[in-house]
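Each chain, written out:
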Amino acid sequence: MSKPITVAICGCGNRGLEAYAPFAKAFPDKMKVVAGADIKPERLRMLRERYGVPEDMCFDSDLSMLAAPRLADVMVISTQDQLHIRPAMAALEKGYHLLLEKPISASAEECVALREKAHQCKRAVVVCHVLRYTQFYSTLERLLREGTVGRLETIDAMEHVAYWHFAHSYVRGNWRREDESSPMILAKCCHDMDILRWLAGDRCVSVQSFGSLDYFKSENAPEGSALRCLDCAVKDACPYDAEKIYITNEASGIRHVGPRWPGNVLVDHPTEESLYEAMRTGPYGRCVFHCDNDVADRQTINMEFANGVLATFTVSAFTERCYRSVKVTGTMGDIVGDLDANRLFIHRFGEPEEVIDLGLLQEEYAGHGGGDFGMMHYLCGLIESGSVEGLTGIDASVESHLMGLAAEVSRREGGRLVKMEEVDRA
Ligand SMILES: NC(=O)c1ccc[n+]([C@@H]2O[C@H](COP(=O)([O-])OP(=O)(O)OC[C@H]3O[C@@H](n4cnc5c(N)ncnc54)[C@H](O)[C@@H]3O)[C@@H](O)[C@H]2O)c1
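Residues numbered from 1 in each chain as written. Predicted model: local features only at pLDDT ≥ 70, side-chain atom pairs only at ≥ 80, totals over all residues. Heavy atoms only, no water.

## Side note on the overall build of the protein chain
Now for step 1: Helices and strands together make up the secondary structure of the protein chain, namely 16 helices and 15 strands.
Now for step 2: A compact globule built from 426 residues should have a C-alpha radius of gyration of about 22 Å, and the protein chain, at 22 Å, falls within 12% of that.
Now for step 3: Across its three principal axes, the protein chain shows a C-alpha extent of roughly 60 × 60 × 40 Å.
Now for step 4: Of all 426 residues assigned to the protein chain, the portion counted as buried reaches 56%. (Helix = DSSP H or I, 4+ residues; strand = E, 2+ residues; numbered from the N terminus. Rg over C-alpha atoms; globule rule 2.2 N^0.38 Å. Buried < 20%, exposed > 50% of the residue type's maximum accessible area, 1.4 Å probe, protein only.)

Here it is in structure tokens:
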């Protein structure tokens, strides 16, 4: 049996500690967490306690960890959006392979610079486009490549964010402001851009986009509402009420999902008491109509690919469930996919429907439809093989980021057609 790959985690927050590190517990023969950095001592304490990382391998920032000699095979970069590029460039210089959270950067120039650096240093950079590693999308991609629907003509995809998830992350939370994180289309949808480009099977040549922040602003506050949900007289009729979202909602409240996400974003150790305290005093108890958010709450994109495939994409805050759906059409049939049901419905023209039920997701593949752990298996295999070209290698990932950035240029300019050369000047 080969030795496990070693990882150093830069940013021991939700993704670093709750999505990727647990792979080391589930598959100790494949991965070992040997070092970590975070500016919050509590997160480092959790890292030490859960993974036995020694004190001298815990660092108080990305900078101090990167000042040390190389500590592991791979650096997992799971700091917030605007703190990816700095540690990523430095870690490549030090000889680390990277598991890099998306978005790489909200600047086209920085995305391209990272691509150049990765090639120069000959290191693997696996960007966390976790959807590629789901059975759902990998099966769909295989079906298209096998010609199941003939020549691919169109792709129509939708990201259903879910009203409570949007309120949590994009109105009250970490991704509510562009200047502190990135435009919503990058933060939420660079996965979707990556999947669309992968399914299309060729590079994107032009995009056009519409979208705005339509609903979560003060002019839409119901009469009688307060600045904080716990003080609000009309909260009973409001689905965005923080108390519902964090305490009683079946999809997100602690009474149903336990002390996990999204409650663990408000406090390190969620209990009803600690969540109520956070709602009383912190950002997550604010009325959704009285926050300092500015990112779009719905957006559409039209895309054309070099091989003639056309695609449309919609992302909306205003959905009941949190999932993705897709419909592809080809000259000989169409396929409808529902990631929540984990099913693909294949229609070959004139023939009975075929349903591919991708089955209940296995426990160890939990997270993003199985993608989180699927990606970790892939990463371990890649490093073990000595290859640097991953399924979500840096070239493909930069391309999908540039698609998102082109869409953003178009959205800001009222839907102007933007050619990809405008953003990819490398
Ligand atoms: N791939 C996916 O599907 C997916 C899903 C959700 C989030 N994300 C991305 O993952 C990233 C992390 O998100 P999160 O929810 O884990 O955020 P988080 O805020 O929970 O975690 C970030 C951690 O970085 C720490 N940190 C801040 N400054 C630091 C520094 N200088 N050095 C070291 N650590 C520092 C913070 O204290 C925090 O613990 C974001 O960029 C987000 O967009 C990706």
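## Topic: helix α10 (residues 190-200)
Now for step 1: Taken across its 11 residues, α10 has 11 buried, putting it largely inside the fold.
Now for step 2: Along α10, the positions that sit buried rather than exposed are C190, H191, D192, M193, D194, I195, L196, R197, W198, L199 and A200.
Now for step 3: Count one or two residues on from α10 and you reach G201, which has phi positive near 80°.

## Re the site of the ligand
Now for step 1: Taken together, 26 residues lie around the ligand, and R15, D38, D62, D81 and E101 are the ones closest in.
Now for step 2: D62 is positioned with one of its backbone polar atoms (N or O) 2.8 Å from a nitrogen atom of the ligand.
Now for step 3: In the environment of the ligand, an oxygen atom lies 3.4 Å from a nitrogen or oxygen atom belonging to the backbone of K102.
Now for step 4: Starting from 860 Å² of accessible surface for the ligand in isolation, the protein chains cover 86%.
Now for step 5: The element that contributes the greatest number of residues to the shell around the ligand is helix α1 (residues 14-20), accounting for 3 residues.
Now for step 6: The residue makeup of the shell around the ligand, split by class, is 8 nonpolar, 10 polar and 8 charged. (Near = heavy atom within 4 Å. Polar contact = N/O pair within 3.5 Å; in protein donor to acceptor, adjacent residues only side chain to side chain. Areas by Shrake-Rupley, 256 points an atom, 1.4 Å probe, with all protein chains shown as cover. Nonpolar A, V, L, I, M, F, W, Y, C, P; charged D, E, K, R; others polar.)

## Considerations on the sheet that holds strand β6 (residues 125-127)
Now for step 1: In space, the 6 strands of this open sheet follow the order β3-β2-β1-β4-β5-β6, with parallel pairing throughout. Every interior strand has two partners, whereas the edge strands, β3 (58-59) and β6, have only one.
Now for step 2: Bridge count between strand β5 (residues 97-100) and β6: 3 bridges; the pairing is parallel. Residue pairing in the sheet places L100 in a bridge with V127 of β6.
Now for step 3: In the packing of helix α3 (residues 41-51) onto the sheet, contacts are made with β1 (5-10), β2 (31-37) and β3, and the angle to β2 comes to roughly 160°.
Now for step 4: Each of β1, β4 (74-77), β5 and β6 touches helix α5 (residues 85-94); the most contacted strand, β5, lies at about 160° to it. (Pairing = 2+ DSSP bridges. Contact = heavy atoms within 4.5 Å. Axes fitted to C-alpha atoms, helices over the stretch in contact; angles between N-to-C directions.)

## Observations concerning the side chain of S316
Now for step 1: As for its placement among the helices and strands, S316 is situated in strand β10 (residues 310-316).
Now for step 2: Among the polar contacts listed, one links the side chain of S316 to the backbone nitrogen of F318, at a separation of 3.0 Å.
Now for step 3: If sequence neighbours within four positions are ignored, S316 has contacts with M158, E159, H160, V161, A162, D297 and R298.

## Quick notes on the environment of S325
Now for step 1: Mapping S325 onto the fold places it in strand β11 (residues 323-330).
Now for step 2: Taking the C-alpha atoms as reference points, S325 and S397, 72 residues apart in sequence, are found 21 Å from one another.
Now for step 3: The contacts of S325, once residues within four sequence positions are left out, are D156, A157, M158, H160 and G337.
Now for step 4: Engagement of the side chain of S325 in a polar contact is seen with the side chain of H160, the distance being 2.9 Å.

## As for the pattern of salt bridges
Now for step 1: Counted according to the given criterion, the structure contains 40 salt bridges.
Now for step 2: One salt bridge connects D268 with R43, and the closest N-O pair in it is separated by 2.9 Å. One end of the pair, D268, is in the loop between α13 (263-266) and α14 (272-281); the other, R43, is in helix α3, and 225 residues separate them in sequence.
Now for step 3: The partner of R176 in a salt bridge is D292, and the shortest N-O contact between them spans 2.7 Å. Of this pair, R176 sits in the loop between α8 (163-171) and α9 (184-187) while D292 sits in the loop between α14 and β9 (298-305), placing them 116 residues apart in sequence.
Now for step 4: Residue class for R176 comes out buried when judged on its relative accessible area of 13%.
Now for step 5: Bridged by salt links that share partners, the residues R176, R177, D179, E180, R286 and D292 form one connected network. (Salt bridge = Lys/Arg side-chain N within 4 Å of Asp/Glu carboxyl O.)

## Some points on the sheet that holds strand β12 (residues 333-338)
Backbone-to-backbone hydrogen bonds pair the strands of a sheet. The strands run either parallel or antiparallel.
Now for step 1: Pairing within the open sheet is mixed, and its 9 strands lie in the order β14-β13-β12-β11-β7-β10-β9-β8-β15. The strands lining the two open edges of the sheet, one partner per strand, are β14 (354-357) and β15 (418-419).
Now for step 2: Note that strand β8 (residues 204-212) and β15 share 2 bridges and pair antiparallel. The residue of β15 that forms the bridge with S206 is K419.
Now for step 3: Across the sheet, α10 touches β7 (152-160), β9, β10 and β11, and the angle it forms with β7 is around 165°.
Now for step 4: Those strands touched by helix α16 (residues 394-412) are β8, β9 and β15, and its axis lies near 50° from that of β8.

## A word on the packing of helix α6 (residues 108-121) against α16
Now for step 1: Across the interface, α6 lies against α16 with an axial gap of 10 Å and an inter-helix angle of 175°. Classified by the angle their axes make, α6 and α16 are roughly antiparallel. Two secondary-structure elements touch here, α6 through A108, C111, V112, L114, R115, A118 and H119 and α16 through I394, D395, V398, H401, L402 and L405.
Now for step 2: For the contact of α6 with α16, the per-class residue count stands at 9 nonpolar, 2 polar and 2 charged. (Parallel < 35°, antiparallel > 145°, perpendicular 65-115°, else oblique.)

## Examining helix α15 (residues 371-385)
Now for step 1: Across its 15 residues, α15 extends 21 Å between first and last C-alpha, which sits within 8% of the 21 Å expected from 1.5 Å per residue.
Now for step 2: Across the 15 residues of α15, 11 count as buried, placing the element largely inside the fold.
Now for step 3: Every buried residue of α15 is accounted for by G371, D372, F373, G374, M375, M376, H377, L379, C380, L382 and I383.
Now for step 4: G386 occupies a position one or two residues after α15 and carries a positive phi of about 80°. (Expected span 1.5 Å × (residues − 1).)

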